[in-house]
Amino acid sequence: MSATKTITVESLIAEYADGIAFAAEEQPATAVDDFAAQLRDAIRTFESAGINGTDELEGAATYLVDAASSTDPAEQAVLLRKAAKGLAYADEMVSELRDMV
């Protein structure tokens, strides 16, 4: 059985920044507000390409920003899990976009 990985704002950004930056046509973000803005830019790109899943990305952006500003560790953990769930298909969406280019 593998150990459960702790989700942080930084770990989510690190995991998805390159792909989201590709879709947003920008350099990878390192700060939460910049990453949330890139997610929203990427959403427009995905929608223009007819790629589904943008509602989840919008939610993930909101959850990430809220988690970063939360001072309650329990609330932050819940928000980060929701953000991770919303980002779960981001790599597939980016892959589909790359196949179109």
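Structure: see above.
Residues numbered from 1 in each chain as written. Predicted model: local features only at pLDDT ≥ 70, side-chain atom pairs only at ≥ 80, totals over all residues. Heavy atoms only, no water.

A.B. asks: Can you walk me through unusual backbone geometry in this structure?
C.D. replies: What you tend to see is this: most non-glycine residues have negative phi, and most peptide bonds are trans. Notably, Glu25 is not glycine yet its phi reads approximately 60°, a positive angle. Residue placement: Glu25 occurs in the loop between helix 1 (9–24) and helix 2 (32–49). The exposed category is assigned to Glu25, whose relative accessible area is 69%. (Helix = DSSP H or I, 4+ residues; strand = E, 2+ residues; numbered from the N terminus. Buried < 20%, exposed > 50% of the residue type's maximum accessible area, 1.4 Å probe, protein only.)

A.B. asks: What exactly am I supposed to notice about the side chain of Thr54 here?
C.D. replies: Mapped onto the elements of the fold, Thr54 is located in helix 3 (residues 54–69). With relative accessibility at 10%, the residue Thr54 sits in the buried group. Within the structure, the side chain of Thr54 is placed 3.1 Å from the side chain of Glu47, a separation counted as a polar contact. Apart from residues lying up to four places away in sequence, Thr54 is in contact with Ile43, Phe46, Glu47 and Met93. (Polar contact = N/O pair within 3.5 Å; in protein donor to acceptor, adjacent residues only side chain to side chain. Contact = heavy atoms within 4.5 Å.)

A.B. asks: Could you clarify how one ought to interpret the packing of aromatic side chains in this entry?
C.D. replies: The description of an aromatic ring pair uses the distance of the two centres, along with the angle that the planes make with each other. Using the criterion set out here, one finds 0 aromatic pairs in the structure. Above the face of the Phe22 ring, Arg98 is positioned so that its terminal group lies 4.1 Å from the ring centre. (Phe/Tyr/Trp six-rings, centres within 6.5 Å; stacked < 30°, edge-to-face > 60°. Lys NZ or Arg CZ within 6 Å of the ring centre and 35° of its normal.)

A.B. asks: Is there a simple way to explain the pattern of salt bridges in this structure?
C.D. replies: Within this structure, the stated rule accounts for 2 salt bridges. Among the salt bridges present, the one from Asp41 reaches Arg44, with a minimum N-O distance of 2.3 Å. With Asp41 and Arg44 both in helix 2 and 3 residues apart, the pair spans about one turn of that helix. For Asp41, a relative accessible area of 23% gives the class partly exposed. (Salt bridge = Lys/Arg side-chain N within 4 Å of Asp/Glu carboxyl O.)

A.B. asks: What am I meant to see in the environment of Leu97 here?
C.D. replies: As for its position among the elements, Leu97 is in helix 5 (residues 90–100). A residue is classified by how much of its surface remains accessible, and Leu97, at 8% relative accessible area, is buried. The sequence separation of Leu97 and Lys82 amounts to 15 residues, and the corresponding C-alpha distance is 24 Å. When sequence neighbours within four positions are dropped, the list of residues in contact with Leu97 reads Phe22, Ala23, Thr45, Phe46, Ala49 and Ile51.

A.B. asks: Help me understand helix 2 in this model?
C.D. replies: Note on helix geometry: an α-helix contains 3.6 residues per turn, so any two residues three or four positions apart are oriented the same way. Its 18 residues place the ends of helix 2 25 Å apart at the C-alpha level, agreeing with the 26 Å of an ideal helix rising 1.5 Å per residue. Residues of helix 2 that are buried: Val32, Phe35, Ala36, Gln38, Leu39, Ala42, Ile43 and Phe46. Axial view of helix 2: buried residues confined to an arc of 160°, hence all on one face. Of the exposed residues in helix 2, the ones pointing more than 90 degrees away from its buried face are Asp33 and Ser48. Summarising the contacts, the buried residues of helix 2 are in contact with helix 1, helix 3, helix 4 (73–87) and helix 5. The first or second residue beyond helix 2 is Gly50, which carries a positive phi of 75°. (Expected span 1.5 Å × (residues − 1). Arc of directions from axis to C-beta.)

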